Amino acid sequence: MSDALQTWRDAERRSIRSTAQREAAEEAIGAAHLEEVAATATSAAAASAQRAAAEASRAAEATAEAARKVVTSTMAAGEAKRLDEEAAITAENTARDGHNAAVQRADERYRRG
């Protein structure tokens, strides 16, 4: 084989190798770009999840505060009803005592004459 033919074949092999390396590099660049897009999407999803979790936390805190207010209000209403009941019992006892005293006085007057 002549030197010129051998040189031409060596150059052709280098050209093929160079083309294959360039194509592999282009594929690697494409893959790196896809990885970048995926990482960006993952980051955005994580940020959205974090915002959603913060909002859920605020909602839970508001619900807890509302529940505390309901409990406090219910306790206050129960205490007010208890005090009303005690006042009604006291008034009933006072009226009964007054009635009994009046009956006793009337009975004493009747016996005296």
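This report concerns the structure included in the present document. (Residues numbered from 1 in each chain as written. Predicted model: local features only at pLDDT ≥ 70, side-chain atom pairs only at ≥ 80, totals over all residues. Heavy atoms only, no water.)

**Looking at the overall build of the protein chain**
As a reminder of what qualifies: Numbering of helices and strands runs from the N terminus; a helix is a DSSP stretch of H or I covering at least four residues, while a strand is a stretch of E covering at least two. Burial classification: accessible surface area is computed with a 1.4 Å probe over protein chains only, and a residue below 20% of its type maximum counts as buried, one above 50% as exposed, and the rest as partly exposed. In this description, accessible areas are obtained by the Shrake-Rupley approach with a 1.4 Å probe, and a residue is regarded as covered only by the protein chains that are shown. Counting rule for charge: Lys and Arg are taken as positive, Asp and Glu as negative, and neither His nor the chain ends is counted. Here the site of a charge means atom NZ of a Lys, CZ of an Arg, CG of an Asp or CD of a Glu.
From N to C terminus, the protein chain includes one helix and zero strands. With the C-alpha coordinates aligned to their principal axes, the bounding extent of the protein chain is approximately 165 × 15 × 5 Å. Here the protein chain holds 113 residues, and 0% of them are scored as buried. Just so you have it, the protein chain exposes about 9600 Å², and 59% of that area is on carbon and sulfur atoms. Between the mean site of the 16 positive side-chain charges and the mean site of the 19 negative ones, the protein chain shows a separation of 7 Å.

**Topic: the pattern of salt bridges**
What counts here: What makes a salt bridge here is a side-chain nitrogen of Lys or Arg within 4 Å of a carboxyl oxygen of Asp or Glu, nothing more.
In the structure shown here, the tally under the stated rule is 10 salt bridges. Ionic pairing is found between arginine 68 and glutamate 65, a salt bridge with its closest N-O pair at 2.9 Å. One end of the pair is arginine 68 and the other is glutamate 65, both in helix H1 (residues 3-112) and three residues apart, which spans about a single turn. Exposure remark for arginine 68: the relative accessible area of 42% places this residue in the partly exposed category. We classify glutamate 65 as partly exposed; its relative accessible area is 32%.

**Looking at H1**
Quick reminder of the rule: Helix span is expected to be 1.5 Å times the residue number reduced by one.
The end-to-end C-alpha distance of H1 is 161 Å, a good match for the 164 Å that 110 residues give at a rise of 1.5 Å each. Glycine 113 sits one or two positions beyond H1 and adopts a positive phi of about 135°.

No statement about biological role is implied by the geometric values presented.
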